[in-house]
Amino acid sequence: MLQNKFYKLLLIGCLLISTVSFSQTIPTPKEHFGFAIGDDYHLATYTQTEAYFKKLAATSKRVKLVEIGKTEEGRSQYMLVVSSPKNLENLEHYREISTKLAHAENLTDEQAHALAAEGKAVVWIDGGLHANETVGAHQLIETAYELSSRTDDETNKILDNVIVLLVHANPDGQELMSNWYMRKAVPEERSYNNWPRLFEKYAGHDNNRDFYMLNLKESQNMARQLYINWIPQIMYNHHQPAPAGAVVAGPPYRDPFNYVFDPLVITGIDAIGAAMGTRLDAEGKPGYTERSGSVYSTWFNGGLRTTTYFHNMIGLLTEITGSPTPTTIPLVPNRLIPNGATINPVTPRVWHFKYSIDYSISLNYAVLDYASRYRDQLLFNIYRMGKNSIEKGEKDYWSLLPSKIASITKLAEGETRTTKKGAVVADSSDEENPATVATKYYDSVMKNPALRDPRGYIITAAQADLPTTIRFLNCLIRTGIVVTKATASFTVEGKTYPAGSYIIKTNQAFRPHVIDMFEPQDHPNDFLYPGGPPIKPYDAAGWTLAYQMGVQFDRILNPFDAPTERIGYGELIVPKGTYIGNAKSAKGYLLDARANHSFTAANDLLKEGIEVFRTTEAIDGASLGSFYVNASAKTKSILDKDADSLGITINAIAKKPAGLKKLSPARIALWDIYGGSMPSGWVRYMMEQYHFQFDRIYAKELDSADLRSKYDVIIFPTGAIPAVGSGRGRLQPKPASIPEEYRHTLGRFSAEKTVPALKKFLEDGGNIVTIGTSTNLAYHLGLPVKDALTEIVDGTEKKLPGEKFYVPGTILRASVDSAAPAAWGMNATADVMFDESPVFKINTSAYANGSVKPLAWFASKKTLRSGWAWGQEYLQDGVAAFETTVGKGKLYAFGPEIIYRAQAYNTYKLLLNQLYK
Ligand SMILES: [Zn+2]
């Protein structure tokens, strides 16, 4: 007892001592880490960083530490809220002003001005998203320290006027990468090359492609702060590297920007970009490059930075050079002539980590100083953008889009065009003599009622796959979109919708994001010069999420109303499962193959040893290939649980259907590689969501002789199988140079060893599913298919050049053989994600005798749904997917990205169907 008391006293004493010592001084990074941030050959781990953030919060009155959630590996993810102590006392008040102005609801300009005058600018700065870009996390540490401790006038002014949100974007990645780099005792031997696995559990570098989909925990954590809790006016996302010969690439960015943005987003990027470049120049820091000086554009949605544009925020990205191991700025002669893109070139020199940290601090301060000076303008402008959106959604409005302008040009074709000077214009691209056409052509497109922007979208509750639709709605809700739910059935434009249907109107602040998630992306025809090669978009050209997920919705162009209740900002919808029919007296239960989570339920049943069947005819309105189980107490209890957790609809039926096919779980292997494959990671994420059990398989095991004894199905996502004669894929480190635990993942594809092993696996009755470029396997095996995207030049067959055919990340409409078991649950047509994907032509006799069977194909000259499809007519009759028998096994080849970053829910079934025996 006494002893216990003694320990308690001792503990209290320790706490007091530590509080006293920390409240006196803010520890410098060097005091905490044992080295200064930016010292050569030194990286901080996340464990050390987390401890430092806690110390800052304990010792500085300017810092509030907020845990924003857990990461995929279970670490705490933090945001440091930094501002003056006075502001921190009224934090909730300023947060409310920020979100109120961003929502722009029920506010007059006058009220908005008053709130803007009262509020504080909110600026988000993150670091560490891409963990191999080590400047990111380290500039965040140094920035946190400087803002916590500096007492100069500028810092004080910033703290008075700005609430700074410092966010660690990828804790797991920093822990992995810093330990990897620091594992060598000799500093000069340290390198983060050849890191062993993805630096985000599932996505690696693709963690920056997840921000409208929000699959990953880290993305969800950050989205809640960005779109629900704070809605900062500025967000700054740090990356690496700079283009060779520059120190840092930053705003403004090259064209095209996305046409749905408010112009104030673009001019805001220009203004802050100018402030960033100016500050570096004033401090004698050369090497900033902008616009055409780098490849970054603002077209894409889905990046941590880019999704903010669709929410009226000024999103900033920099890509800086530097690493803890000293490097050099190389000599790139082209970059040394100053121009509008690179105003102040940097000359070749040795480059230390410290310089990159210093540049980053300057850039952060440039942004914060701007926010401090233009605080009220930033606050008012985000209101103005929100208000503009609301106003556009409340009237007939025609967005300016390349396809509309192309229609105007086409209508005016053949008209004699003259300039004001009276000269006949022959060439519309002649900038000196611009082509002008009669105004009536404008009116016939831009006043055409059929071409108006929608007033809103209705998503009927009568969906074939309601849980997937709710997943889509939750994507919208997580980024602050207003969704309403019908409280009774209603009729719009002659169509009646059941109660429980969802409505998303466009008269809301984040209208650009609403439009972007439902409408096609209308990418311009972007070429180096007329007739020249295409300029690649930085990421996808089209991604319309409603299409990718197969959501059934109606686009309403006229004003409409319905009895609805509003779902609160950020309140996720929880799908509710139901039984149709009499669940108690049922003979059995049917799970519709069109609903993805029917596969999850089937897997849960199989795992408990329950017999599961698939139907071979359509019954009770359910699709061909639906899952059937006999009724029993055990079955019912599993289905009850799944109904609750997955929201599935279960059809209770009175009679066992005829023609059932028994299903068995397959032993599944998913290809992966040392260092980690992102496409494989996304497939892994998806399969876990649907409760599939599987192993990961690496090159060494693939080359072994007894694959068939271990597996029934092997999946090769895109990037696993190189083209014939094109080498062996990613280089690998020497086994001795990496820890034992990762050695089994080493190895590379080999045409001599891997192909015969896979051939034998197929011949022995194994099945292989190939996706994207891994359909190369068909050519390695010499199957009777060929590339459909070719032309004959001087008697020889050649790949179509980019000048004729170019389809980067774009959604196309494919026809599907939905009667084939491989495509059960699919409709007769499907929107597929095409990303410079393979397209096939089946040898005539193989097609005729059915040995190669097309599963999906492009049926017309016009299959573009969203994005950019230059020369799309070449796709007509091309085969997108096929299956064929090899020995006793089957090879499935899917050209399009049927999983695509765990977004393409509608085409998941093309993989899921192949994962059973
Ligand atoms: Zn990056």
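Here goes a summary of the coordinates provided. Position numbers for residues start from 1 in each chain and track the written sequence from start to end. Local features in a predicted model are, by the rule used here, given only for residues with pLDDT of at least 70; side-chain atom pairs are given and counted only at 80 or more, and totals for whole chains, interfaces and linings are based on all residues. Values reported for side chains reflect all heavy atoms of the structure, with hydrogen atoms and water molecules removed beforehand.

## Regarding the overall build of the chain
Step number 1: Secondary structure counts use DSSP, requiring at least four H or I residues in a row for a helix and at least two E residues in a row for a strand, with both numbered from the N terminus. Helices and strands together make up the secondary structure of the chain, namely 30 helices and 40 strands.
Step number 2: Here the radius of gyration uses the C-alpha set of atoms, whereas the globule reference equals 2.2 Å times the residue count to the power 0.38. Taking 917 residues into account, the globule formula puts the C-alpha radius of gyration at 29 Å, and the chain, at 29 Å, falls close to it.
Step number 3: Across its three principal axes, the chain shows a C-alpha extent of roughly 95 × 80 × 65 Å.
Step number 4: The burial tally for the chain puts 58% of its 917 residues in the buried class.
Step number 5: The criterion used for residue contact is that any of the two residues' heavy atoms lie within 4.5 Å. For the chain, long-range pairs separated by at least 24 residues make up 78% of all intrachain contacts whose partners lie at least 6 apart in sequence.
Step number 6: In the chain, 98 positive and 96 negative side-chain charges are present, and the distance between their average locations comes to 4 Å. Each residue gets one of three labels from its accessible area relative to the maximum for its type: buried under 20%, exposed over 50%, partly exposed in between, using a 1.4 Å probe on protein chains only. For the purpose of charge, His is not counted, nor are the chain termini; Lys and Arg are scored as positive and Asp and Glu as negative. Lysine's charge is taken at NZ, arginine's at CZ, aspartate's at CG and glutamate's at CD.

## Here's the deal with empty space enclosed by the protein
If a probe as big as a water molecule is rolled over the atoms, it shows which places are left empty.
Step number 1: Cavities and pockets were defined on a 1 Å grid built over protein atoms only: a cavity is a set of grid points that admits a 1.4 Å probe from which the probe cannot escape, a pocket is an open set flanked by protein on both sides within 12 Å along at least five of seven lines, and lining residues are those with an atom within 4 Å of any such point. Grid points are joined across faces, edges and corners, and a volume is the space filled by probe spheres set on the points. Taken as a whole and judged by the stated rule, the model has four cavities of 30 Å³ or more.
Step number 2: Lining the largest cavity, in full, are Gly128, His130, Ala131, Glu133, Thr134, Ala137, His138, Gln174, Met177 and Ser178.
Step number 3: Contributions of two or more residues to the lining of the largest cavity are made by helix H7 (135-149) and helix H9 (171-182).
Step number 4: Residue type decides the class: Asp, Glu, Lys and Arg count as charged, Ala, Val, Leu, Ile, Met, Phe, Trp, Tyr, Cys and Pro as nonpolar, and the leftover types, Gly among them, as polar. Split into classes, the residues belonging to the lining of the largest cavity amount to three nonpolar, six polar and one charged.

## With respect to the coordination of the zinc ion
Step number 1: Coordination partners: N, O, S within 2.8 Å of the metal, 3.2 Å for Na, K and Ca; water not considered, so apparent gaps in a site are possible. Looking at the metal site, the zinc ion is ligated by His130 (ND1), Glu133 (OE), Glu133 (OE) and His239 (ND1), spaced 2.0 to 2.3 Å from it.
Step number 2: Each of the four donor atoms around the zinc ion contributes to a set of angles spanning 58 to 151 degrees, which defines the coordination as irregular.
Step number 3: Within one chain, the residues donating to the zinc ion are spaced in sequence as H-x2-E-x105-H. Of the two residues, Glu133 sits in the loop between strand S3 (121-127) and H7 while His239 sits in strand S5 (residues 234-239), which places them 106 residues apart along the sequence. By the criteria applied here, four donors are tetrahedral when all angles lie between 85 and 135 degrees, four are square planar and six octahedral when opposite donors are over 155 degrees apart and every other angle lies between 65 and 115, and any other arrangement is irregular.

## Details of the environment of Pro722
Step number 1: With respect to the secondary-structure elements, Pro722 resides in the loop between strand S29 (713-716) and helix H25 (740-743).
Step number 2: Sequence separation of Pro722 and Val769 is 47 residues, and the distance between their C-alpha atoms is 15 Å.
Step number 3: Setting aside residues up to four positions removed in sequence, Pro722 forms contacts with Gly727, Arg728, Gly729, Phe749, Asn776 and His780.

## Notes on unusual backbone geometry
Step number 1: Of note, the amide linkage connecting Pro251 to Pro252 takes the cis form, showing an omega dihedral of -5 degrees.
Step number 2: Structurally, the position occupied by Pro252 is in strand S6 (residues 248-257).
Step number 3: With omega at -5 degrees, the peptide bond leading from Asp255 into Pro256 counts as cis.
Step number 4: Examined against the element boundaries, Pro256 turns out to sit in strand S6.
Step number 5: Its identity is not glycine, yet Ile231 carries a phi of approximately 50 degrees, on the positive side.
Step number 6: Note that Ile231 resides in the loop between helix H10 (217-230) and S5.

## Examining the packing of helix H15 (residues 402-411) against helix H16 (residues 439-446)
Step number 1: Whenever a helix is involved, its axis is fitted only over the stretch in contact; in every case the axis is a line through C-alpha atoms, and angles between N-to-C directions fall within 0 to 180 degrees. Interaxial distance between H15 and H16 falls to 9 Å at its minimum, and their mutual angle equals 135 degrees. In this view, H15 runs oblique relative to H16, as classed from their interaxial angle. H16 is crossed by H15, and the crossing has right-handed handedness. Only Tyr441, Tyr442, Ser444, Val445 and Met446 of H16 make contact with H15, whose side of the interface consists of Lys404, Ser407, Ile408 and Leu411. Each angle gets one of four labels, with under 35 degrees taken as roughly parallel, over 145 as roughly antiparallel, 65 to 115 as roughly perpendicular, and the rest as oblique. Handedness of a crossing follows from how the near helix is turned relative to the far one, being left-handed for an anticlockwise turn of less than a right angle and right-handed for a clockwise one.

## Notes on the packing of aromatic side chains
Step number 1: Ring pairs shown here join Phe, Tyr and Trp side chains whose ring centres sit within 6.5 Å, with only the six-membered ring taken for Trp; geometry is labelled stacked below 30 degrees between planes, edge-to-face above 60, and tilted in between. As enumerated under the stated definition, the model contains 36 aromatic pairs in all.
Step number 2: Where Phe840 meets Phe882, the ring centres are 5.1 Å apart and the plane angle is 90 degrees; that geometry is what we call edge-to-face. Within this pair, whereas Phe840 is found in strand S36 (residues 840-842), its partner Phe882 is found in strand S39 (residues 879-886), the two being separated by 42 residues in sequence.
Step number 3: Assessed through its relative accessible area of 0%, Phe840 is described here as buried.
Step number 4: Three or more aromatic residues link up through ring pairs in this structure, and these residues are Tyr259, Trp299, Phe300 and Trp543.
Step number 5: To sit over a ring, a charge needs its Lys NZ or Arg CZ within 6 Å of the ring centre and within 35 degrees of the ring normal. Lys656 extends its terminal NZ or CZ atom over the ring of Phe613, reaching a point 5.0 Å from the ring centre.
Step number 6: The aromatic ring of Tyr547 is capped on one face by Arg865, whose charged end is 3.9 Å from the ring centroid.

## Describing the sheet that holds strand S19 (residues 554-556)
Step number 1: When DSSP locates at least two bridges between a pair of strands, those strands are taken to pair. Read from one edge to the other, the open sheet built from five strands follows the order S19-S14-S18-S15-S20, with strand pairing classed as antiparallel. Looking at strand neighbours, the two that pair on one side only are S19 and strand S20 (564-566), the edges of this open sheet. Across the sheet, the axes of successive neighbouring strands diverge by a mean angle of 25 degrees, strand direction being ignored.
Step number 2: Contacting strand S14 (456-459), strand S18 (502-505) and S19, helix H18 (residues 511-518) runs over the sheet at an angle of about 50 degrees to S14.

## Section: the nonpolar core
Step number 1: Leu101, Phe472 and Phe518 are the most contacted members of the largest nonpolar core, which has 223 residues in total.
Step number 2: It is helix H13 (residues 353-373) that contributes the most residues to this core, eleven residues altogether.
Step number 3: When near neighbours in sequence (up to four residues on either side) are disregarded, Phe472 contacts Ile459, Met517, Phe518, Leu545, Ala546, Met549 and Val551.
Step number 4: In these notes, a set of buried Ala, Val, Leu, Ile, Met, Phe, Trp, Tyr and Cys residues joined through side-chain atoms within 4.5 Å is what counts as a nonpolar core. Formed by 32 residues, the second largest nonpolar core is a distinct cluster that contains Ile697, Phe716, Ala757 and Phe882.

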